[in-house]
Amino acid sequence: MRSSCILGAALLAACAGSPPSIGGAPGAPPQPSTTWAPPKDVLPPAATPAAPLVAPVAGPTVTPASLQQLTLADAVDLALRNNPATRISWAQARAAADLYGASKGAWYPTLDAAAAITRSKSVAVPGRIGGERTTYTPSVTLSWLVLDLGGRAANVDAARQTAIAADLSHNSVVQNTILQVQGAVFTYLGTRALRDAQKSALDEANANLAAAEERHRVGLATIADVLQARTAKSQAELDLEALQGQLQVSRGGVAVAMGLPANTAFDIPDVPPADSTQSVTQSIDSLLALAVRTRPDLAEAQAQAQAALAQVRVARSAGLPSLALSATGGYSGSNIPDFSGRTYTLNLGVQIPLFEGFSRLYNTRAAQAQADAAAAHAEFTRQQVMLQVFSSYYALQTAAQRVRTSGDLLASALQSEQVARGRYTEGVGSIVDLLLAQSALASARAQAVQSRWQWRQALAQLAHDAGVLGIHGETLLPLSSDAPGSDR
C-alpha cells in the first residue's frame, strides 16, 4: 500500500512538471525564442485560405565565432534568444499557465493529514485515579466543495483566458522584436550603402580636382575652377565622415537589438534587393481580414475580455448557495488502554449567503464594468489593427513607386553627369555645370539607396501588421513581380 502511494505521488509530480495544456495545445511557449501555437478554439476559423501561422521553431545557435558573417535570420535568432523582452514575456506566460493549472484544483477535494502527541499528568481526585498519560492522535481530513452553482467553473475559465492572453502577449513581443531587429539591420545596411555611394562621390570629386588642376596647369582653366573643385572635394569628405559615424552608430543599434554589447564585432552581408516592382497580391480587404484572425495582440485583447466576463460570473456566484462536504477520520491512542480507539466525523452542509452589507452587489457591478471596459479595449485594438494594416499597405505601395521613380532619377542623373563631364573634358563646359551635375547624381544615388531600404522596411511592417511576420524575419505574404495596380 505504501509503495503504491509513493508511486502515485511520483506520477502526479511528473505530470505537474510542465505547464498544463490549453485545449490540447501546450500551456506556454517551449522557449523564450519561439511563439505559442494557439489551439483551434482560440482563434476564429479562416473564411478563406490564408498564410499559415508561425509554429514554434528553434533556430540554430549562432556562436561568437560566426558573428563575423551574420544573415538577417541569424540576427533575428540572436535577438529572440538574448533580448530580455522575450524572456520576460515567456516567464509571464509560464506563470499564467501554472496559475491556470492551480485553478483547476478547485474541482478536487483537499486532503490534509495531522498528528499530535500529548503528555499530561493529572492529580487523583475522588472517583478518578491520578497519573501520567501519553496520547497520540493521527487524523486525516477531507474537504470538498460539492456544488457552488458556477463559481469554480468561472474561476477556471478566467484563469484559462488569462493564460491564453499571456501566451498571445508573448507572441506579440516576439513579432515586435523581429520587426525591431529588421529595422535596425535595414538601417545599418542602408547607411552602409549610403557610405559606399558617398565614396563614389568622393572619387569623382578627386577626379574633378585632378582634371581642374591639370587644366589650370596648361592654361585652359582659371584658379577658380581649382578652388571650386577643391571645395566640392572637401564637402564630399565631410559627408563621408558623417556617414562613417552614422554607420558605427547603426552597427551598435543592431548589436543592442540582438541583445549583445554595442561594441560587438560583426558584419552582415548586403541583403539582395528584391524586384522594385514587387507588390502584395492580396487585396487590402483580405489583408484586413487576415490581420483580424492572426494578430496576437488583438487575440490577447479578446482573451482578456473573455476573462473579464468570467469574473462577472465569479462575482455573481458568491451570492448563490453552495454544498460542502467535510470528513475527518483518526485514531486516538494512549498508554492507557481504555483511552484508545478510532474516531471520525462526517459533515454535509449547505451555505446560503444572506447579507454582506451590499458588498456582493457592488462586486458584481464592478466586475461588469471591468468586463465592459475590456470589451471596449478589444474593439479599440481591432480598430487600431485595421488602421495599421491600412496604413502599411499603402505605405508599401508608395515605397514601391518611390523605388521605380528613384531608379529613373538615378539613370537621368547619371546621363547628365556623363554629358557634363564630357563637355568639361572637351573644354566647352564649365566646372560649375559639372559640379552641379555630380551633386544631383550624389543626391539621386542617396535617394535610390534610401528608397530600396524603405521598401524592405515597409514590406516587413505590413507583414508585422498583418500578423504573418516569420519567426526568422521572412515575410509570409504572397508577392507578385507585376507592377501594383488597383487595391481592390
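Quick summary incoming for the structure in this document. Worth saying up front: this structure is predicted, and the values here are computed from it rather than measured.

### Some thoughts on the pattern of salt bridges
By the definition in use, this model includes 13 salt bridges. Close ionic contact of Arg81 with Asp77 constitutes a salt bridge, the shortest N to O distance being 2.8 Å. Here the residue Arg81 and the residue Asp77 both occupy positions in helix 2 (residues 72–82), the gap between them amounting to four residues, near one helical turn. Asp77 sits in the buried class, given a relative accessible area of 5%. The closest approach of N and O atoms between Lys233 and Glu237, which form a salt bridge, is 2.9 Å. Residue Lys233 and its partner Glu237 are both found in helix 5 (residues 223–257); the two are separated by four residues, about one turn of the helix.

### Structural notes on the packing of aromatic side chains
Scanning the model with the defined rule gives six aromatic pairs in all. Taking 6.2 Å as the distance between ring centres and 50° as the angle between the ring planes, the aromatic pair formed by Tyr188 and Phe266 counts as tilted. A residue pair is termed long-range when its members are at least 10 positions apart, and Tyr188 in helix 4 (residues 151–217) and Phe266 in the loop between helix 5 and strand 5 (279–280) qualify at 78 residues. As far as burial versus exposure is concerned, Tyr188 and Phe266 are alike and both buried. By way of ring pairs, the aromatic residues Phe390, Tyr393 and Tyr394 are connected into one cluster. Positioned above the aromatic ring of Tyr424 is the side chain of Arg215, whose terminal nitrogen or guanidinium carbon lies 4.6 Å from the ring centre. Sitting over the face of the ring of Phe266, Arg251 holds its NZ or CZ atom 5.7 Å from the ring centroid.

### Examining the pairing of strand 3 (residues 131–136)
Sheet topology note: the strand 2 (residues 117–122)/strand 3 ladder contains six bridges and is antiparallel. The residue bridging Ser120 from the neighbouring strand is Arg133, located in strand 3. Pairing of strand 3 with strand 6 (residues 322–334) involves two bridges; the strand directions are antiparallel. When the bridges of strand 6 are listed, Thr135 appears paired with Ser334.

### Things to note about the pairing of strand 6
Direction of pairing for strand 4 (residues 139–147) relative to strand 6: antiparallel, over a ladder of eight bridges. Considered in strand 6, the bridge of Leu147 is made with Leu323. Here strand 6 runs beside strand 7 (residues 341–351); their pairing, made up of eleven bridges, is antiparallel. Its bridge partner being in strand 7, Gly330 is matched across the sheet by Thr343.

### Observations regarding the side chain of Ser406
Along the chain, Ser406 falls in helix 8 (residues 359–426). Leaving out residues up to four positions away in the same chain, Ser406 has contacts with Gln447, Ala448 and Ser451.

### Quick word on the packing of helix 2 against helix 3 (residues 84–103)
Packing of helix 2 against helix 3 leaves a shortest axis separation of 5 Å and a crossing angle of 50°. By the criterion of interaxial angle, the relationship of helix 2 to helix 3 is oblique. Residues Ala79, Leu80, Arg81 and Asn82 of helix 2 form the contact with helix 3, whose own contacting residues are Pro84, Thr86 and Arg87.

### Notes on the nonpolar core
Counting 54 residues, the largest nonpolar core has Val185, Val254, Met258, Ile268, Leu287 and Leu462 as the members making the most contacts within it. Only helix 2, helix 4, helix 5, helix 6 (284–294), helix 8 and helix 9 (431–466) provide two or more residues apiece to this core. When residues in this core are grouped by element, the largest group, eleven residues, is from helix 4. Not counting residues within four places of it along the chain, the set of residues in contact with Ile268 comprises Leu70, Val185, Tyr188, Leu189, Arg192 and Val254. Core analysis: the next-biggest nonpolar cluster, separate from the first, contains 16 residues, Tyr100, Ala159, Ala163 and Ala165 among them.

Thresholds, definitions, all that
Residues numbered from 1 in each chain as written. Predicted model: local features only at pLDDT ≥ 70, side-chain atom pairs only at ≥ 80, totals over all residues. Heavy atoms only, no water. Salt bridge = Lys/Arg side-chain N within 4 Å of Asp/Glu carboxyl O. Helix = DSSP H or I, 4+ residues; strand = E, 2+ residues; numbered from the N terminus. Buried < 20%, exposed > 50% of the residue type's maximum accessible area, 1.4 Å probe, protein only. Phe/Tyr/Trp six-rings, centres within 6.5 Å; stacked < 30°, edge-to-face > 60°. Lys NZ or Arg CZ within 6 Å of the ring centre and 35° of its normal. Pairing = 2+ DSSP bridges. Contact = heavy atoms within 4.5 Å. Axes fitted to C-alpha atoms, helices over the stretch in contact; angles between N-to-C directions. Parallel < 35°, antiparallel > 145°, perpendicular 65-115°, else oblique. Core = buried A, V, L, I, M, F, W, Y, C linked by side-chain atoms within 4.5 Å.

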